[in-house]
Amino acid sequence: MPLSPAANRIPQHTRTVICKGYRREDGLWDIEGHLVDVKDHDIISKERNDGKIPAGEAIHDMALRITIDLELNIVDAEASMDFTPFQYCKGISEAYKKLIGLQIKPGFTKQTKILFSGDNGCTHLLELLGPIATSAYQATYQEREKEDNWTAGNKLPDVMNTCHSWSQQSPVVQKHWPHFAKFDE
């Protein structure tokens, strides 16, 4: 890591987020996100392990899988919560079926915040949707590029102008997709 560590640090908390994308035989894609929170010290718990969660045991261990098509439409969704601070948390898992029918596109994060903020969802699963959406995009990118046929005369790819390197003025676009480049005049 390029940051220099401060002296005398004592570890307190580790959050691990892993997302994986899978191409399925039926032409759909499964995108799975997994979030685990662990403390480096015992903590008091109202509902687990006789009143405490020991250091190293997951406080949160949750997963969310969406199934998408190549247009990034969500055709299925499933949430699971193996470890939560309260048993009641697990009751919100079925709410994530509301993802079915949404499309990952600009505005997706806003839509998911409307659907799952506050007592309509789980903070941790809501946070996991961002990396899942990005992973969906990354997992399907090459297949979508091939299908969209990024050649001259075709429509501007959705990825254009979404970041510094994908700017139509960037040397990356000018070098690899000059037919989409906009040169300064």
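Okay, so let's go over this structure. (Residues numbered from 1 in each chain as written. Predicted model: local features only at pLDDT ≥ 70, side-chain atom pairs only at ≥ 80, totals over all residues. Heavy atoms only, no water.)

Quick look at a negative patch on the surface
Together, E71, E147, D148 and D158 make up a negatively charged patch on the protein surface. Along the chain, D158 falls in the loop between α2 (123-148) and α3 (171-176). Overall, the relative accessible area of 59% leaves D158 in the exposed class. (Patch = residues over 30% accessible without salt bridge, like charges linked within 9 Å, V, L, I, M, F, W, Y side chains within 5 Å. Areas by Shrake-Rupley, 256 points an atom, 1.4 Å probe, with all protein chains shown as cover. Salt bridge = Lys/Arg side-chain N within 4 Å of Asp/Glu carboxyl O. Lys, Arg positive; Asp, Glu negative; His and termini not counted. Charge placed at Lys NZ, Arg CZ, Asp CG, Glu CD. Helix = DSSP H or I, 4+ residues; strand = E, 2+ residues; numbered from the N terminus. Buried < 20%, exposed > 50% of the residue type's maximum accessible area, 1.4 Å probe, protein only.)

Some points on the environment of K97
Mapped onto the elements of the fold, K97 is located in the loop between β6 (74-83) and α1 (108-116). The exposure class assigned to K97 is partly exposed, which follows from its relative accessible area of 35%. In sequence terms K97 and T151 are 54 residues apart; their C-alpha atoms lie 37 Å from each other. Apart from residues no more than four positions distant in its own chain, K97 is found in contact with D76 and A77. (Contact = heavy atoms within 4.5 Å.)

Let's talk about the environment of K98
Within the element layout of this structure, K98 appears in the loop between β6 and α1. A relative accessible area of 45% means that K98 is categorised as partly exposed. Along the primary structure K98 and M62 are separated by 36 residues, whereas in three dimensions their C-alpha atoms are 18 Å apart. Leave out the neighbours within four places in its chain, and K98 touches L115 and F116.

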